[in-house]
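# Report on the structure
Here's the letter readout for the chains.
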Amino acid sequence: MLETMDGSMFDQVVVGGGASLANLIIHAVLVGAIVATVRRLRMEGGSAPSFLRYTLVIVATGTLLVAGHFSEVVLWAYTYHWVGATPPGTDLIYFAFGNYTTLGYGDTVPVPEWHLLGPLTALNGVMLIGWSTALIFEILRRSGPQTQS
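How each quantity is defined
- Residues numbered from 1 in each chain as written.
- Predicted model: local features only at pLDDT ≥ 70, side-chain atom pairs only at ≥ 80, totals over all residues.
- Heavy atoms only, no water.
- Helix = DSSP H or I, 4+ residues; strand = E, 2+ residues; numbered from the N terminus.
- Expected span 1.5 Å × (residues − 1).
- Buried < 20%, exposed > 50% of the residue type's maximum accessible area, 1.4 Å probe, protein only.
- Axes fitted to C-alpha atoms, helices over the stretch in contact; angles between N-to-C directions.
- Parallel < 35°, antiparallel > 145°, perpendicular 65-115°, else oblique.
- Contact = heavy atoms within 4.5 Å.
- Nonpolar A, V, L, I, M, F, W, Y, C, P; charged D, E, K, R; others polar.
- pLDDT = per-residue confidence, 0-100.
- Phe/Tyr/Trp six-rings, centres within 6.5 Å; stacked < 30°, edge-to-face > 60°.
- Core = buried A, V, L, I, M, F, W, Y, C linked by side-chain atoms within 4.5 Å.

Relative to the 39 Å expected for 27 residues at 1.5 Å per residue, helix H4 (residues 117-143) spans 38 Å between its end C-alpha atoms, a close match to the ideal helical length. Taken together, the buried positions of H4 are occupied by Leu117, Gly118, Thr121, Ala122, Asn124, Gly125, Leu128, Ser132, Leu135 and Ile139.

What follows is about the packing of helix H2 (residues 50-83) against H4. In the contact formed by H2 and H4, the axes pass within 11 Å of each other and the chain directions differ by 170°. Put simply, H2 runs roughly antiparallel to H4. Facing Tyr54, Val57, Ile58, Thr61, Leu65, His69, Glu72, Trp76, Tyr80 and Val83 of H2, the residues of H4 in contact are Leu117, Leu120, Thr121, Asn124, Leu128, Ile129, Ser132, Leu135, Ile136, Ile139, Leu140 and Ser143. Considering only residue class, the contact of H2 with H4 consists of 15 nonpolar, six polar and one charged.

Once that is clear, we can look at the confidence of the model for the chain. Caution applies to low-pLDDT regions: their predicted coordinates should not be interpreted in detail. With 89% of its residues at a pLDDT of 70 or more, the chain shows a mean pLDDT of 89. Per-element confidence in the chain ranges from a low mean pLDDT of 90 for helix H1 (residues 9-44) to a high of 96 for helix H3 (residues 92-100).

Attention now moves to the packing of aromatic side chains. Scanning the entire structure with this criterion turns up four aromatic pairs. Ring geometry for Tyr94 and Tyr105: centres 6.4 Å apart, planes at 20°, overall stacked. One end of the pair, Tyr94, is in helix H3; the other, Tyr105, is in the loop between H3 and H4, and eleven residues separate them in sequence. By relative accessible area, which is 35% here, Tyr94 ends up partly exposed. Given a relative accessible area of 61%, Tyr105 falls into the exposed group. One aromatic cluster is present, built from ring pairs that chain together Trp76, Tyr80 and Phe95.

Moving on, we come to the environment of Glu138. Mapped onto the elements of the fold, Glu138 is located in helix H4. Along the chain, Glu138 and Val35 lie 103 residues apart, while their C-alpha atoms are 10.0 Å from each other.

Take the side chain of Asn124 next. Along the polypeptide, Asn124 turns up in helix H4. Of the residues examined, Asn124 reaches a relative accessible area of 3% and is grouped as buried. Apart from residues lying up to four places away in sequence, Asn124 is in contact with Ser20, Asn23, Trp76 and Tyr100.

Quick look at the nonpolar core now. In this structure, Trp76, Tyr80, Trp114 and Leu117 are the most contacted members of the largest nonpolar core, which totals 16 residues. At the level of secondary structure, the elements contributing two or more residues to this core comprise H1, H2, H3 and H4. The biggest single contributor to this core is H2, with five residues. Among residues more than four places away in sequence, those in contact with Leu117 are Gln12, Val15, Gly16, Trp76, Tyr80, Val83 and Ala85.

Below, the structure is given as structure tokens:
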């Protein structure tokens with residue numbers, strides 16, 4: 001636990017904002033890499049049938065996004081550990097996933113001094129999951145068979 005913080009509202013916003021910012025950076029790098037790869041694949045064409053290329057792009061995008069979200073959840077888990085935001089013995093990955101995805105079973109709750117980290121995690125997760133959904137939709141739209149309007 002970080003001894004210099006007492007869980008004041010300021011501390012919670014600084015810690016939660018820092019974790020959110022770190023996750024935004026992770027996600028921005030990941031999305032940038034995915035977009036660059038998809039553009040390269042589309043421009044190169046290749047000898048593979050377009051259906052196969054399209055399938056590979058979608059599977060690779062989904063896989064990378066899941067891995068990215070998992071790393072963001074792990075960052076939240078480390079953040080909880082760093083400040084001592086959960087009761088002893090808490091499965092931090094499970095707790096972070098519940099907050100990040102807004103599942104929120106409620107079987108584990110943060111200690112009162114750090115109760116704002118749960119909603120801050122949820123806000124961060126909703127935003128990044130929404131960003132991922134928008135990316136997938138745009139890749140499907142641009143990579144799929146061209147239709148005439």
